[in-house]
Amino acid sequence: MKVLVLNCGSSSLKYQLIDMDNESVIAKGLCERIGIEGSKLTHKPTGKDTFKKEAPMPTHTEAIKLVMDALMDPEHGVIKDTSEISAIGHRVLHGGSKFTESTVVDEKVKQAIRDCFDLGPLHNPANLMGIEACEEAMPGTPNVAVFDTTFGMSMPEKAYMYAIPHEYYDKYSIRRYGFHGTSHMFVSGEVLKFCHLDPEKGKVIVCHLGNGGSISASIGGKCVDTSMGLTPLEGLIMGTRSGDIDPAVVQFICNKEGRDVNDVLNMLNKKSGVLGMSGGVSSDFRDIEAARAEGNRLAGVALDAFIYRVVKYIGAYTAAMNGVDAIAFTAGVGENDIKTRKRICENLSYLGVKIDDERNNVRGEARVISADDSKVQVVLYPTNEELAIARETVRLVG
Ligand code: AMP
């Protein structure tokens, strides 16, 4: 069974066609600058040359048509007909409190995604456009919505409720949802098996450290807490996001500089994190590390603060679960940054964590990186959100 996985951003569309009989990628690619001049498709069929095409893509509908043409092209295509695609799995950012699970798309589901535009203003409209474009291009082929928020829906109330008047939950569903849910679901589930933990009781902390970052605590693969909140702004220090902050800072800056809340929130989302803390060096952790190595003090502070916050969350989540069996690192920094993993683990010796330097000297492959006598297993486990979405799709329509 072949499943097409789509991840639509406001001006981009990433896709993968996966053969679910052996979970192999048949082709993948990206449409960039949708709705902007200079739209471009990059199509990478497995085992064949990469194909690039510049063509107008005023909306996601044209982008999907170009993807379909590329997939069926006699030269760089991988299928003969769209009927070979059994289903389409869509990454949808926000499912609000309506969705506790992935779901097959129908008119009601589309309306529910629309109802969450306020909660995911950049992503949800694009996600819906992707779904509608597929309905047009492949009528009758089932679409499945896999929400970034559903993993967090198993959190208990004490973890997801904000300590604000209850009326805001009743009126607007204001609560902590958590994001990167597909990644946390995939990695926590895989780590249970990889580390031979009890499938019902295994306690796992997943550190998804990329440009965006979040940590989750799960027992038997069910989320009990996660660091992002109503929006992805809460939690860790990220590439450009501040993470946890006293909300009074917003009021203070508004009053001092005559700015409005939206403007300051934009600053907290796009100009803060290690980018802001380093005095504007970069949002990319490699640049921050290079600047620190060259003696840039603020870059060093930004990196120290990033690691410090991760260490604090791991401590908090170990307490929340009354223990931890495995700690997993994933995403760009988690999978590749040997030094940062080591520095985080050095602060976990109180848990009996012992990192093995030789095992830790690895990038991008699933591996236990703790010593045999470590009380907690530490693993590097590459995330694969596309495969997680494809598996959910097969589970629902296969
Ligand atoms: P992601 O959002 O998961 O794609 O992760 C992107 C982040 O991973 C960027 O900040 C990169 O600098 C970081 N990253 C990728 N490779 C490395 C590496 N070898 N060392 C440190 N950070 C890395």
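Before reading further, recall that the structure is shown in the block above.
Being a predicted model, the structure only gives us computed values, none of them experimental.

### A closer look at the overall build of the protein
Secondary structure summary: the protein contains 15 helices and 14 strands in total. Relative to its length of 398 residues, the protein is compact, with a C-alpha radius of gyration of 21 Å against a globular reference of 21 Å. Overall, the C-alpha framework of the protein stretches about 60 × 55 × 45 Å when taken along its three principal axes. Residues counted as buried form 51% of the 398 residues belonging to the protein. By sequence separation, contacts in the protein at least 24 residues apart represent 60% of the contacts at least 6 residues apart.

### Brief notes about the sheet that holds strand 9 (residues 203-209)
Spatially, the 6 strands line up as an open sheet ordered 11-10-9-12-14-13, and their pairing is mixed. Every interior strand has two partners, whereas the edge strands, strand 11 (222-226) and strand 13 (367-368), have only one. The pairing of strand 9 with strand 12 (residues 326-330) spans 5 bridges and is classified as parallel. Note that in strand 12 the partner of Cys207 across the bridge is Phe329. Lying on the sheet, helix 6 (residues 181-194) is in contact with strand 9, strand 10 (213-219), strand 11, strand 12, strand 13 and strand 14 (377-380); it crosses strand 9 at an angle near 135 degrees.

### Focus on unusual backbone geometry
Backbone geometry places Glu23, a non-glycine residue, at a positive phi of 55 degrees. Positionally, Glu23 belongs in the loop between strand 2 (13-19) and strand 3 (24-32). On the basis of relative accessibility, which here comes to 34%, the residue Glu23 falls in the partly exposed class. Backbone geometry at Ser173 places phi at a positive 55 degrees, although glycine is not the residue there. Along the polypeptide, Ser173 turns up in the loop between helix 5 (167-172) and helix 6.

### A look at the packing of aromatic side chains
Tallied over the full model, the rule gives 7 aromatic pairs. Taken together, a centroid distance of 6.4 Å and an interplanar angle of 65 degrees make the contact between Phe186 and Tyr381 edge-to-face. Separated by 195 residues along the polypeptide, Phe186 in helix 6 and Tyr381 in the loop between strand 14 and helix 15 (385-397) bring together distant segments of the chain. On the basis of relative accessible area, Phe186 is assigned to the buried category, the value being 8%. The exposure class assigned to Tyr381 is buried, which follows from its relative accessible area of 12%.

### A look at the site of the ligand
Contacts to the ligand come from Gly210, Asn211, Asp284, Phe285, Arg286, Ala331, Gly332, Val333, Asn336, Asp337 and Arg363. Taking Asp284, its side chain carries an N or O atom lying 2.3 Å from an oxygen atom of the ligand. Arg286 places a polar side-chain atom, nitrogen or oxygen, 3.2 Å from an oxygen atom of the ligand. In isolation the ligand offers 500 Å² of accessible surface; the protein chains occlude 73% of this area. Sort the elements by how many residues they give to the shell around the ligand and helix 12 (residues 331-336) lands first, with 4 residues. Taken together, the residues that form the shell around the ligand break down as 3 nonpolar, 4 polar and 4 charged.

### Digging into the environment of Glu346
Position of Glu346 among the secondary structure elements: in helix 13 (residues 338-346). It is 39 Å that separates the C-alpha atoms of Glu346 and Asn124, two residues lying 222 residues apart in sequence.

### A look at a nonpolar patch on the surface
Taken together, the side chains of Ile164, Tyr168 and Tyr172 present a nonpolar region at the surface, about 290 Å² in accessible area. By the secondary structure assignment, Tyr172 is in helix 5.

### Looking at the sheet that holds strand 1 (residues 2-8)
Read from one edge of the open sheet, 8 strands run 5-4-3-2-1-6-8-7, paired in mixed fashion. A strand with exactly one partner marks an edge of an open sheet, and here the two such strands are strand 5 (51-54) and strand 7 (103-104). Where strand 1 meets strand 6 (residues 85-92), 5 bridges bridge the pair, whose relative direction is parallel. Considered in strand 6, the bridge of Lys2 is made with Ile85. On top of the sheet, helix 1 (residues 60-72) reaches strand 1, strand 2, strand 3, strand 4 (40-45), strand 5 and strand 6; it is set at about 35 degrees to strand 2, its chief contact. Relative to the sheet, helix 15 contacts strand 1, strand 2, strand 6, strand 7 and strand 8 (143-147), its axis offset from that of strand 6 by approximately 125 degrees.

What counts and what doesn't
- Residue positions are counted from 1 within each chain, in the order its sequence is given.
- Local features in this predicted model are restricted to residues whose pLDDT is 70 or higher, and side-chain atom pairs enter the listing and the counts only when it is 80 or higher, whereas totals over whole chains, interfaces and linings include all residues.
- In computing side-chain values, all of the structure's heavy atoms are included and hydrogens and water are not.
- Each helix is a run of H or I in the DSSP string that is no shorter than four residues. Each strand is a run of E no shorter than two, and both are numbered from the N terminus.
- Only C-alpha atoms enter the radius of gyration; for comparison, a globular chain is expected to reach 2.2 Å times N to the power 0.38, where N is the number of residues.
- Burial classification: accessible surface area is computed with a 1.4 Å probe over protein chains only, and a residue below 20% of its type maximum counts as buried, one above 50% as exposed, and the rest as partly exposed.
- Only heavy atoms matter for contacts: two residues are in contact if any of them lie within 4.5 Å across the pair.
- Pairing between strands is defined by DSSP: at least two bridges between the two strands are required.
- As a rule, the C-alpha atoms of each element are fitted with a line to give its axis, helices using only the stretch in contact, and angles between N-to-C directions run from 0 to 180 degrees.
- Paired rings are identified among Phe, Tyr and Trp, the last through its six-membered ring, by centres lying within 6.5 Å, and are further divided according to the angle between planes into stacked (under 30 degrees), edge-to-face (over 60) and tilted (the rest).
- Residue proximity to a molecule or strand is established when one non-hydrogen atom of the residue lies within 4 Å of it.
- In protein, a polar contact requires one atom able to donate a hydrogen and another able to accept it; more generally it is a pair of N or O atoms within 3.5 Å, and residues adjacent in sequence count only if both atoms are side-chain atoms.
- The method behind every accessible area is Shrake-Rupley, applied with a 1.4 Å probe, and residues are considered shielded solely by the protein chains displayed.
- Polar here means any residue outside two lists: the nonpolar Ala, Val, Leu, Ile, Met, Phe, Trp, Tyr, Cys and Pro, and the charged Asp, Glu, Lys and Arg; Gly therefore counts as polar.
- Patch definition: residues above 30% relative accessible area lacking any salt bridge, with like charges linked at up to 9 Å and the nonpolar side chains Val, Leu, Ile, Met, Phe, Trp and Tyr linked at up to 5 Å.
- Between Lys or Arg on one side and Asp or Glu on the other, a salt bridge is scored when a side-chain nitrogen of the former is within 4 Å of a carboxyl oxygen of the latter.

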